Amino acid sequence: METDLSFPWIIRIFDLKAFDLYKVIESFIKAEPNLTREMIKHLECCEHRIMESLAWQSDSPLFELIKQSKERDGQADQLEPASYLTQPTQHNHTAADLYLSPSSAYSTAVPDSQPQRPQKSTSLSLFYKKVYWLAYIRLNNLASRLLPDHSDLVHLIWTLFHDTLQNEYELMKDRHLDQIMMCSMYGICKVKNIDLKFKTIVAAYKGLPNTNQETFKCVLIREGRYDSIIVFYNLVFMQKLKTNILQYASNRPPTLSPIPHIPQSPYKSNSPLRVPAGNNIYISPLKSPSKFSERLLSPNKMTPGSRILVSIGESFGVSFWC
C-alpha cells in the first residue's frame with residue numbers, strides 16, 4: 001500500500017538525487033548478507049523506479065553525465081557500443097570504485113608516448129545497460145500480450161525504443177520509460193499497418209506488474225502542461241521522431257539494435273534457504289507464472305508522413321494539470 005512515507009519519500013527528506021542512490025543499491029545488497037527477501041525485493045523495486053523515471057527528472061545529475069559523455073566522445077558516438085548490450089556484466093569493483101570516481105574503475109595505464117583519452121563514465125555505462133535490460137523485458141512482456149501473431153515486429157519496436165533512449169534521451173526528461181515504450185510500439189504498428197489502437201495498448205499495459213494509470217494519463221507535453229499519452233505521441237514523440245519512424249515502412253529498415261543479454265537478477269538466489277531453529281524445512285524461490293484530450297493536429301495542416309503516423313479518434317479525456 002502506498003503511503004506518504006513510501007519511496008521516494010526518503011530521498012526527499014535527505015535531499016538525495018535518485019541517480020546517486022541508484023549507484024549504491026546493488027553493491028549494498030551484495031555486501032549485506034543478512035537482508036531479508038522482503039528488504040531485497042523492496043530495494044530492487046526502488047532501483048526499478050529510479051531507472052524508469054526518478055533518475056530522468058530534470059534536475060538529475062544523469063543529464064550532466066550524458067552531456068559530458070557526448071562532449072567527450074562526439075555526438076556521432078553512441079553512449080554504449082551495440083556489442084555492450086549482449087555482454088554479461090562482469091566486475092568485482094566496490095561501489096566506491098565504480099561510482100565515487102566515475103572514470104577510475106576501468107582506467108588502465110597508458111604509455112606516456114600515447115595520447116590519453118578520457119575514460120567513459122562507468123556509472124553511466126552500467127546505468128544504461130540496466131535500463132536497456134529493464135526496457136526490453138517490459139517491451140517483451142507487453143508485446144507477448146498484444147502482438148502474438150506479429151513477433152517479427154518486436155525487434156523493430158525494440159530498435160526504435162533503444163535508439164530513442166540512446167539518441168533522443170531528452171524525451172525522457174520528467175517522463176517515464178514506459179511512455180516511450182508504448183509510443184514506440186504504436187509508431188511501428190502504425191507504419192506497418194497493424195491495427196493496434198492506443199486504448200488496446202493501455203488496456204494491456206494496465207495488466208503488467210507495478211504499473212500506474214498516471215503513466216498514461218499524465219504525461220508531460222511542455223512546461224507544466226500534462227495530458228494523455230495519445231497527446232504526447234501526437235504532439236511530441238511523433239513530431240520528434242517522424243523521419244526515423246517512417247524509415248521502418250521500407251523493406252530495408254534501419255539496422256536492428258541487438259537484443260540485450262538478460263542475466264539472472266543479481267539479487268535472487270536459486271539455492272534453497274533453511275529455516276532456522278533446526279527445522280528440516282527449506283524454502284525455495286517462488287517461480288512466478290508467465291502472465292500474459294486531446295487537441296490533435298488539424299489533418300489539413302499535416303504532412304503526408306504525419307497523417308500516416310498520427311493517432312486519430314482516441315482520447316482518455318481533456319487536458320489537465322498534474
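Refer to the structure presented above.
Given the structure is predicted, the values throughout are model-derived calculations rather than measurements.

A.B. asks: Residues and numbers for the packing of helix α2 (residues 18-31) against helix α6 (residues 122-146), please.
C.D. replies: Their axes nearest at 11 Å, the elements α2 and α6 cross at an angle of 80 degrees. Our classification of the angle between α2 and α6 gives roughly perpendicular. When α2 is examined against α6, the residues F19, Y22, K23 and E26 are found in contact with a partner set consisting of S123, L126, F127 and K130. Partitioned by chemical class, the residues of the contact of α2 with α6 number four nonpolar, one polar and three charged.

A.B. asks: Can you break down the environment of D227 residue by residue, with the values?
C.D. replies: Mapped onto the elements, D227 comes out in strand β2 (residues 225-227). Polar contacts involving the side chain of D227 include one to the side chain of R225, which spans 3.1 Å.

A.B. asks: Can you explain the environment of H150? Please cite residues and give values.
C.D. replies: When you line up the elements, H150 lands in the loop between α6 and α7 (152-167). Separated by 44 residues in the primary sequence, H150 and I194 place their C-alpha atoms 9.0 Å from one another.

A.B. asks: Give me helix α8 (residues 177-191): which residues, what numbers.
C.D. replies: Spanning 15 residues, α8 covers 22 Å between terminal C-alpha atoms, matching the ideal 21 Å at 1.5 Å per step. Within α8, 14 of the 15 residues are buried, leaving the element largely enclosed by the surrounding structure.

A.B. asks: Now, about the pattern of salt bridges: what can you tell me, with residues and values included?
C.D. replies: Within this structure, the stated rule accounts for 10 salt bridges. A salt bridge links E52 to R138, with the shortest nitrogen-to-oxygen separation between them at 2.6 Å. Residue E52 is located in helix α3 (residues 37-52), and its partner R138 is located in helix α6; the two are separated by 86 residues in the primary sequence. Across this residue pair, the class does not change: E52 and R138 are buried.

A.B. asks: How would you explain unusual backbone geometry if you had to name every residue and give the values?
C.D. replies: With an omega of 20 degrees, the peptide bond running from F7 to P8 counts as cis. Note that P8 resides in the segment before α1 (9-13). For D15, which is not a glycine, the phi torsion comes out positive at approximately 55 degrees. Along the chain, D15 falls in the loop between α1 and α2. Classification of D15 as exposed rests on a relative accessible area of 67%. Its identity is not glycine, yet N193 carries a phi of approximately 60 degrees, on the positive side. In this fold, N193 is placed in the loop between α8 and α9 (198-205). Residue classification places N193 among the exposed residues on the basis of a relative accessible area of 71%.

A.B. asks: Now, about the environment of C46: what can you tell me, with residues and values included?
C.D. replies: In this structure, C46 sits in helix α3. The exposure class of C46 is buried, given its relative accessible area of 5%. In this structure the C-alpha to C-alpha distance between C46 and I25, which are 21 residues apart in sequence, comes to 8.8 Å.

A.B. asks: Please provide a residue-by-residue account of the pairing of strand β1 (residues 219-222), values included.
C.D. replies: Across three bridges, β1 lies against β2 in antiparallel orientation. The residue bridging L220 from the neighbouring strand is Y226, located in β2. Linking two consecutive strands that pair antiparallel, namely β1 and β2, is a turn of two residues; a positive phi of about 85 degrees is found at G224 within it.

A.B. asks: Before we move on, can you summarise the packing of aromatic side chains with the specific residues and values?
C.D. replies: As enumerated under the stated definition, the model contains 17 aromatic pairs in all. Measuring from ring centre to ring centre gives 5.4 Å for Y136 and W158, while their planes differ by 80 degrees; the resulting arrangement is edge-to-face. Of this pair, Y136 sits in helix α6 while W158 sits in helix α7, placing them 22 residues apart in sequence. Judged by its relative accessible area of 12%, Y136 falls in the buried class.

A.B. asks: Give me the lowdown on the side chain of R145, citing residues and values where you can.
C.D. replies: Within the element layout of this structure, R145 appears in helix α6. Buried and unpaired, R145 has no salt bridge, with D178 as the nearest side chain of opposite charge at 11 Å. A distance of 3.4 Å separates the side chain of R145 from the side chain of N141, its partner in a polar contact.

Reading the values: rules and limits
Residues numbered from 1 in each chain as written. Predicted model: local features only at pLDDT ≥ 70, side-chain atom pairs only at ≥ 80, totals over all residues. Heavy atoms only, no water. Axes fitted to C-alpha atoms, helices over the stretch in contact; angles between N-to-C directions. Helix = DSSP H or I, 4+ residues; strand = E, 2+ residues; numbered from the N terminus. Parallel < 35°, antiparallel > 145°, perpendicular 65-115°, else oblique. Contact = heavy atoms within 4.5 Å. Nonpolar A, V, L, I, M, F, W, Y, C, P; charged D, E, K, R; others polar. Polar contact = N/O pair within 3.5 Å; in protein donor to acceptor, adjacent residues only side chain to side chain. Expected span 1.5 Å × (residues − 1). Buried < 20%, exposed > 50% of the residue type's maximum accessible area, 1.4 Å probe, protein only. Salt bridge = Lys/Arg side-chain N within 4 Å of Asp/Glu carboxyl O. Pairing = 2+ DSSP bridges. Phe/Tyr/Trp six-rings, centres within 6.5 Å; stacked < 30°, edge-to-face > 60°. Lys, Arg positive; Asp, Glu negative; His and termini not counted.

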